[in-house]
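Each chain is listed here by its residues.
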There are 2 protein chains.
Amino acid sequence: MTTSSPNFPTEEYNFRVTRTRRAMEKKGIDLLVVSDPSNMAWLSGYDGWSFYTHQAVLIGPEGEPVWWGRAMDALGALRTVTMADENVVGYDDTYVQNPEKHPMETLATLIKERGWGALRIGVELDNYYYSAAAHLTLVAGLPDARLCDATGLVNWQRAVKSDVEVTYMRRAARIVEQMHLKIVDRAEPGMRVNDLVADIYHTGITGADGYWGDYPAIVPITPTGLDATAPHLTWDDRPFRKNESSFFEIAGVHRRYHCPQSRTLFLGRPPQKYLDAEKAVLEAIDAGLEQAKPGNRCEDIANAFNAALNKRGFQKDSRCGYSIGLSYPPDWGERTMSFRRGDMTELRPNMTFHFMPALWLDDGGLEITEPILITETGVECFCETPRRLFVKE
Amino acid sequence: MTTSSPNFPTEEYNFRVTRTRRAMEKKGIDLLVVSDPSNMAWLSGYDGWSFYTHQAVLIGPEGEPVWWGRAMDALGALRTVTMADENVVGYDDTYVQNPEKHPMETLATLIKERGWGALRIGVELDNYYYSAAAHLTLVAGLPDARLCDATGLVNWQRAVKSDVEVTYMRRAARIVEQMHLKIVDRAEPGMRVNDLVADIYHTGITGADGYWGDYPAIVPITPTGLDATAPHLTWDDRPFRKNESSFFEIAGVHRRYHCPQSRTLFLGRPPQKYLDAEKAVLEAIDAGLEQAKPGNRCEDIANAFNAALNKRGFQKDSRCGYSIGLSYPPDWGERTMSFRRGDMTELRPNMTFHFMPALWLDDGGLEITEPILITETGVECFCETPRRLFVKE
């Protein structure tokens, strides 16, 4: 293999493919069809905004991965992937968004041409970019194959990060720190929310410490006032107002590696219930972080967090964290581990999470969150952003 | 219905639902499960970055639409949709990204509870947000229903824009004009590409003419030098260089309505082949625009464009345009009409397209594109951005 990816040495890609093949063998999978753009990038180096048309990376029983996608995007693949040119295969543009035919017909043909048509084939059944029509077309085109569900198989191989990956996340951490500094510096009553979002983007993409910023897999979530009672509303031009809270769920990103972090800003003097909620959340974060160490389980963090929160009279029904790393829209989570009761995954060094203990109150939200790295002995918070409710009176 | 959506009068939503029901009847569909976030927004007003978990809008045989999604996002739905509270239904957070169970189980239950379990149900089989697993789970949960493919059914209802929609696109046009002005003003040899992207975002989200900028469904595509031989690579920190071209495929966005437009910038004196390509593309655009009028077909524009281009010795294998309007990531196209041979869709007033005659040469790309509105008598270009190769010597 020769690499043209600027992001990792070839050996790291080789190791990833090897690790993935080992997981395939355990599940009896001979050929893996990888549609998740994050998984495609992690395995092959491919990096382009082309996931709105059908594409995949194939991991066969041996040899290099194969990139398959729209012919015009094969040009971008040739410029970013580790594989030789003959393992980059484009399909004709007439297949794009054409109800008369489906791109997966050409993938079925490719699989048969490579001699893989009668294998046991894993597909990512619950991925955004593997639609029901894609699956039905592939099944119809491969009558001799046995298709099975491999959702999350590659995602799980990504759980423990390499040192280079951690380095990229540390750079992303510097970026999100700067973004929060910018927010506290600029936000004030009367400012249009979109004008602050413009500044957030500018800071995020300029980067920090000399490291450039990449696009986040989720846009800045910046609701203010009553909109902050809901978690995922985006901005418009209504202004920040005195005596209201706003939360900022944002991520620094470097080379597609994410370091998300949220903070909440109160413009004015926060009422006692915000201070109570802040106190409860901070105590609960401490309790959770104490459980964040190798050998413990994901649920240990959630249980400790929830117990501490409940003691202060607050409650959170949703998970309070998830695995993070390399991501493409629409989600910066890895969709494997969650901090919630029943997730028995063992924590291991170099796993990375967004510890995300958000509360949505009846008149606003409180998000104070920490991206974390499991170390050999415990946990490290990626960011040095002050852990508190930000207040500008 | 009472509306809490700030974007359109309630009557417009009612009209959209009525128009959609008429299309359902024609196809014998009693209940439509709408997973495409753009279609969900168009029908119900829902606007949030929550499409990374399973969600849908249901259009039953009568009554209001029903919003269904993650419980925490029901809070955002209550703040944005036209429907009464009882028609916003959330599912438990333990269903989120949990391999043990699938959110679609709760949708099947909801459909049966509403008495729709034995109907003919349309689903958007080839949508990003309707995964193979979602479909298989829904099919298993609705043994008495007959599911059929309704991909594109709502998208087609969106093809002819209302006057309010056109107004939003005009505002987006002002925004993208400002973005291109900023690019020409700021780009220079030695500037890191990400620093220019930061400025592009800042301008796009600040907005123009007093109208705020929303996030684009595709990030700015800004390849430079040899990377511009490929269509969809995103930025890093390598600098712009003298005697290289860069293209900028960007969109102004207002209230989720997109006005995409691309331009190409050459830093230095462009070689003759760029000037030749520019001349060919400009002539071909004129030829295409002449065919852009009510009563003509989509393919008429493509055929005229290609004939003019070929006469100058250039060739383009991919489609040269597509329908645009309301969009969420990962695509700002409507995924209905394309400007290509064989697309016999009749052009009608208030249809809107991105006429997208991009060429990718062996050492760079040339994108000079026009967002257009079909009028009663012909065509209007949304933008006044000068139509030429931008050159900074």
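Being a predicted model, the structure only gives us computed values, none of them experimental. (Residues numbered from 1 in each chain as written. Chains lettered and ligands numbered in written order. Predicted model: local features only at pLDDT ≥ 70, side-chain atom pairs only at ≥ 80, totals over all residues. Heavy atoms only, no water.)

1. Considerations on the packing of aromatic side chains
Per the counting criterion, the structure on display carries 41 aromatic pairs over all chains. Aromatic pair Phe8(B) and Tyr257(B): ring centres 5.9 Å apart, planes at 70°, arrangement edge-to-face. Of the two residues, Phe8(B) sits in the segment before helix 1 (10-26) while Tyr257(B) sits in strand 8 (residues 257-267), which places them 249 residues apart along the sequence. Of the two residues, Phe8(B) and Tyr257(B), both sit in the buried class. Pairing Phe305(B) with Phe355(B) gives two aromatic rings, centres 5.8 Å apart and planes at 75°, and the pair type is edge-to-face. Of this pair, Phe305(B) sits in helix 10 (residues 298-311) while Phe355(B) sits in strand 11 (residues 352-355); the two residues are 50 residues apart in sequence, bridging distant segments of the chain. Above the plane of the ring of Phe8(A) lies Arg16(A), whose end atom (NZ or CZ) is 4.2 Å from the centre. (Phe/Tyr/Trp six-rings, centres within 6.5 Å; stacked < 30°, edge-to-face > 60°. Helix = DSSP H or I, 4+ residues; strand = E, 2+ residues; numbered from the N terminus. Buried < 20%, exposed > 50% of the residue type's maximum accessible area, 1.4 Å probe, protein only. Lys NZ or Arg CZ within 6 Å of the ring centre and 35° of its normal.)

2. With respect to the interface of chain A and chain B
Contacts between the two partners involve 71 residues from chain A, matched on the other side by 71 residues from chain B. We note a salt bridge from Asp227(A) to Arg79(B), for which the minimum N-O separation is 2.6 Å. At the boundary of chain A with chain B, the tally comes to 46 residue pairs in polar contact (both at pLDDT 80 or more). Taken together, the elements giving at least two residues each to the side of chain A that touches chain B come down to helix 3 (71-80), helix 5 (132-141), helix 8 (193-206) and strand 10 (333-338) of chain A. No other element matches helix 8 of chain A, which puts 9 residues into the side of chain A that touches chain B. Classifying every residue of the side of chain A that touches chain B gives 31 nonpolar, 22 polar and 18 charged. (Contact = heavy atoms within 4.5 Å. Salt bridge = Lys/Arg side-chain N within 4 Å of Asp/Glu carboxyl O. Polar contact = N/O pair within 3.5 Å; in protein donor to acceptor, adjacent residues only side chain to side chain. Nonpolar A, V, L, I, M, F, W, Y, C, P; charged D, E, K, R; others polar.)

3. Re the UniProt feature "domain: Peptidase M24" (unreviewed entry) in chain A
In this numbering, the UniProt entry assigns the feature "domain: Peptidase M24" (unreviewed entry) to residues 168-376 of chain A. Secondary structure across residues 168-376 of chain A divides into 32% helix and 22% strand, with the first and last C-alpha atoms of the span separated by 19 Å. (UniProt positions renumbered as here; feature names shortened; annotations may be inferred.)

4. Details of the domain arrangement of chain A
Residues and elements named next belong to chain A. Domain boundaries assigned for chain A yield domain 1 (10-157) and domain 2 (163-392). On a C-alpha basis, the centroid separation for the pair domain 1 and domain 2 is 33 Å. At the interface, 17 residues of domain 1 touch 16 residues of domain 2. When domain 1 packs against domain 2, close to 1300 Å² is buried across both sides, 57% of that on carbon and sulfur atoms. At the boundary of domain 1 with domain 2, the tally comes to 2 salt bridges. Inspection of the region where domain 1 meets domain 2 yields 6 residue pairs in polar contact (both at pLDDT 80 or more). If you list the elements that add at least two residues to the side of domain 1 that touches domain 2, you get helix 1 (10-26), helix 2 (37-44) and helix 6 (153-157). Element by element, the count of residues in the side of domain 1 that touches domain 2 is highest for helix 2, at 4 residues. (Domains from an automatic or database assignment. Buried area = accessible area lost by both parts, 1.4 Å probe.)

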